[in-house]
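The lines below spell out each chain.
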Amino acid sequence: MSRYTLFALLIVLSLLIDLYIYQGVKVLTAHLKPATRESIHWAYWGVTGVLVVPFLLGIFFSSLSFQSIFFRRFLLPFFFINVTTKLFAALFLLLDDVF
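Since the structure is predicted, the reported quantities are computational estimates derived from the model, not experimental observations.

1. Considering the nonpolar core
Here comes step 1: Ranked by size, the top nonpolar core spans nine residues in total: Phe7, Ile11, Leu51, Val52, Phe55, Leu75, Leu76, Phe79 and Val83.
Here comes step 2: Among the secondary structure elements, those contributing two or more residues to this core are helix H1 (3–28), helix H2 (34–60) and helix H3 (69–98).
Here comes step 3: In terms of residue count, the dominant contributor to this core is H3 (four residues).
Here comes step 4: Formed by six residues, the second largest nonpolar core is a distinct cluster that contains Ile17, Tyr22, Val25 and Ala90.

2. Thoughts on the pattern of salt bridges
Here comes step 1: Evaluation of the coordinates by the stated rule reveals one salt bridge.
Here comes step 2: We note a salt bridge from Lys86 to Asp18, for which the minimum N-O separation is 2.4 Å. In this pair, Lys86 sits in helix H3 while Asp18 sits in helix H1, placing the two residues 68 residues apart along the sequence. The residues Lys86 and Asp18 share a single accessibility class, namely buried.

Cut-offs and rules
- Residues numbered from 1 in each chain as written.
- Predicted model: local features only at pLDDT ≥ 70, side-chain atom pairs only at ≥ 80, totals over all residues.
- Heavy atoms only, no water.
- Core = buried A, V, L, I, M, F, W, Y, C linked by side-chain atoms within 4.5 Å.
- Buried < 20%, exposed > 50% of the residue type's maximum accessible area, 1.4 Å probe, protein only.
- Helix = DSSP H or I, 4+ residues; strand = E, 2+ residues; numbered from the N terminus.
- Salt bridge = Lys/Arg side-chain N within 4 Å of Asp/Glu carboxyl O.

Following this line, the structure appears as structure tokens:
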């Protein structure tokens, strides 16, 4: 499996988890004022977008190398921290849904 395929699969998995966690965020913010609720929703998807877009650009445009220092030292760790925390939250949501 090539490196690009692995990154593409990670992005798809991350987006699927994001959709699942977003359902929980919507439930948690249902009682808030509409402006506050929308701000939280925009912030949630904004963080995801900021972390996923560089991966997509790196995959589709070969001139943006996956070997760059900025990518390896800054974006990649934040992406994996984001995915790890969402996996942890998804575990609790899944347990709540099942039981």
